[in-house]
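What follows is the residue order along each chain.
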Amino acid sequence: LVRAKPGWNDAGGVFYDEPPGLAEIVPLGPDEAKAVLSDLLIDFPFKDPASRDNVVAGMVTLILRPAIEGPVPYFLAMASLERTGKGKLIDTAFGMAVTGATVPPMQVGREEAETEKRLTAQILHGTSLLHLDNVPIGEALDSASLASLATAWPNWSGRTLGSSTIVVMPNRMVVTMSANNPRATGELVKRTVPIVLAPKNDHPELRDDFVHPDAIGYAAQQRPKILAALLGMVENWKDAKKPVSPLRMGGFERWAACVVSILRFNGAAQVMENYRKWCKAANDESADIEALIEAWAAKHGHDPIP
């Protein structure tokens, strides 16, 4: 991992056009970095510490994406109710704080071919961060194109809008999603990092106890300090000879060995601790089969049924 300099960088094959005001960023130490990121996320009602740490993992993923030689998972912000802050969280933490802009939303297509072409259009456009907007309540997230995109490395092959032509392009896009009470197919569940928001009451839209009422504006104001915190986490890990966390995520081994290790070394011990629970609960097919087996065992026990 080498920090890019303004202009062309041979190491990563990246041209970095550094925005004004970011040239003098000095990476922060562990305690100060933790304080800066905690302050940024203080108003979001995370269900558990793992969800909060997973957001930071997504932010680190964005700044390291050109250096991770492998696929990266999706990041799904979910809640039981609408208006809980899922979209604002994505715009604040992933968008404004890291990229300096809000995240363009895209709806998942009703037809698989439509989804594939929409994703291809985003990659052709050069989108580096995408937000797949609210999946409707009660619908399962099920898309072969989405499942394929998550592990498409180093290139994505897809059809373009208005054409059956297949194009092949480098895939460096980081994908975020938001949904209410989502369920998904096993293939998508395994490719997703869960971020769960828990509303404090039945009317989260009426909440007024914010420390930073304009979260997106605050992220824009604090962006140099936030980037210094994220870079500090990376540099702290590098200085310690890059210790590797034992946590693994099938298909995303290089991402986990890098990003999860950085988070855990810097004290975010709960990162990905809710992943297994999410995999177990969200998969439509496996959840239904498990429920059937449990009901059958409760009624019949281990006795054979003629």
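Moving on to the overall build of the protein. A count of helices and strands for the protein gives ten helices and eleven strands. For 306 residues, the compact-globule estimate of 2.2 N^0.38 gives 19 Å, and the C-alpha radius of gyration of the protein, at 20 Å, lies within 12% of that figure. Per-residue burial over the protein gives 47% buried out of 306 residues. For the protein, long-range pairs separated by at least 24 residues make up 78% of all intrachain contacts whose partners lie at least 6 apart in sequence.

The buried count for strand β9 (residues 174-180) comes to seven of seven residues, which makes it a mostly enclosed element. Here β9 shows a buried face lined by Val174, Thr176, Ser178 and Asn180 and a second buried face lined by Val175, Met177 and Ala179. In this sheet, β9 lies alongside strand β3 (residues 74-79) in parallel orientation, the contact comprising five bridges. Within the sheet, the bridge partner assigned to Phe75 lies in β9 and is Thr176.

Of note, Pro199 is situated in the loop between β11 (192-197) and α7 (215-239). Measuring from C-alpha to C-alpha, the distance between Pro199 and Asp48 comes to 12 Å, with 151 residues separating the pair along the chain. Apart from the residues lying within four places of it in its own chain, the contact partners of Pro199 are Ser80, Leu81, Thr84 and Pro204.

This paragraph deals with the packing of aromatic side chains. Here a ring pair, both rings aromatic, is described through the centre-centre distance and the interplanar angle of the planes. In total, this model carries three aromatic pairs according to the counting rule given. Ring centres 5.8 Å apart and planes at 50° place the aromatic pair Phe75 and Phe94 in the tilted group. Of this pair, Phe75 sits in strand β3 while Phe94 sits in helix α3 (residues 86-99), placing them 19 residues apart in sequence. Accessibility expressed as a relative area gives 1% for Phe94, which makes it buried. Measuring from ring centre to ring centre gives 6.2 Å for Phe75 and Trp255, while their planes differ by 65°; the resulting arrangement is edge-to-face. Within this pair, whereas Phe75 is found in strand β3, its partner Trp255 is found in helix α8 (residues 253-265), the two being separated by 180 residues in sequence. In this pair, the class of Phe75 matches that of Trp255, namely buried. Joined through ring pairs, the aromatic side chains of Phe75, Phe94 and Trp255 make up one cluster.

What follows is about the packing of helix α1 (residues 30-40) against helix α2 (residues 49-64). Packing of α1 against α2 leaves a shortest axis separation of 11 Å and a crossing angle of 110°. Between α1 and α2, the angle is such that the two are roughly perpendicular. For the pair formed by α1 and α2, the contact residues are Lys34, Leu37, Ser38 and Leu40 on the first element and Arg52, Val56 and Met59 on the second. When its residues are assigned to classes, the contact of α1 with α2 shows four nonpolar, one polar and two charged.

Before going further, it helps to spend a moment on the confidence of the model for the protein. Summarising the model, the protein shows a mean pLDDT of 88, and 92% of its residues fall at 70 or more. Of all secondary-structure elements in the protein, the lowest mean pLDDT belongs to helix α10 (residues 284-300), at 60, while α2 reaches the highest, 98.

With that settled, consider the pattern of salt bridges. For the coordinates displayed, the defined rule picks out nine salt bridges. Residue Glu69 is joined to Arg254 by a salt bridge in which the shortest nitrogen-to-oxygen separation is 3.6 Å. Remark: Arg254 occurs in helix α8 and Glu69 occurs in the loop between α2 and β3; sequence separation between them is 185 residues. Here Glu69 matches Arg254 in class, with each residue exposed.

Okay, helix α4 (residues 112-125) next. One full turn of an α-helix is made of 3.6 residues, so residues set three or four places apart face in the same direction. Here α4 contains 14 residues, and its C-alpha end-to-end distance of 20 Å stays within 8% of the 20 Å for a straight helix at 1.5 Å per residue. Within the span of α4, buried status applies to Thr115, Glu116, Lys117, Leu119, Thr120, Gln122 and Ile123. Following α4 by one or two positions, Gly126 adopts a phi angle in the positive range, close to 90°.

The subject of this paragraph is unusual backbone geometry. Cis peptide bonds are those with omega within 30 degrees of zero, and the linkage from Trp153 to Pro154 qualifies with 0°. Within the secondary structure, Pro154 sits in the loop between α5 (144-151) and β7 (155-159). Located in the positive-phi region is Arg83, a residue other than glycine, with phi close to 60°. Take Arg83: it is sitting in the loop between β3 and α3.

Rules and cut-offs
- Residue positions within a chain follow its written sequence, with the count starting from 1.
- Whole-chain, interface and lining totals are the exception, using all residues; otherwise, since this is a predicted model, local features are given only for residues with pLDDT of at least 70 and side-chain atom pairs are given and counted only at 80 or more.
- Think of the side-chain values as coming from all heavy atoms in the structure, minus any hydrogens and water.
- Counting from the N terminus, the helices are the DSSP runs of H or I reaching at least four residues and the strands are the DSSP runs of E reaching at least two.
- Radius of gyration means the value over C-alpha atoms here, while the globule rule gives 2.2 Å times the residue count to the 0.38 power.
- Remark: exposure states derive from per-residue accessible area (1.4 Å probe, protein chains only) relative to the maximum for the residue type, with buried under 20%, exposed over 50%, and partly exposed in between.
- Contacts: residue pairs with any heavy atoms within 4.5 Å of one another.
- Paired strands are those between which DSSP finds at least two bridges.
- Any Phe, Tyr or Trp ring, taking Trp's six-membered ring, that has another such ring centre within 6.5 Å forms a pair; planes under 30 degrees apart are called stacked, those over 60 apart edge-to-face, and the others tilted.
- Lines fitted to C-alpha atoms define the axes here, with helix axes fitted over just the stretch in contact, and angles between the N-to-C directions of these axes take values from 0 to 180 degrees.
- Should an angle fall under 35 degrees it is taken as roughly parallel, and over 145 as roughly antiparallel, whereas 65 to 115 is taken as roughly perpendicular and any remaining angle as oblique.
- Polar here means any residue other than Ala, Val, Leu, Ile, Met, Phe, Trp, Tyr, Cys and Pro, which are nonpolar, and Asp, Glu, Lys and Arg, which are charged; Gly is therefore polar.
- Values of pLDDT, which run from 0 to 100, indicate the predictor's confidence residue by residue.
- The rule for a salt bridge is simple: a side-chain nitrogen of Lys or Arg has to be within 4 Å of a carboxyl oxygen of Asp or Glu.
- Working rule for helices: expected span equals 1.5 Å times residues minus one.

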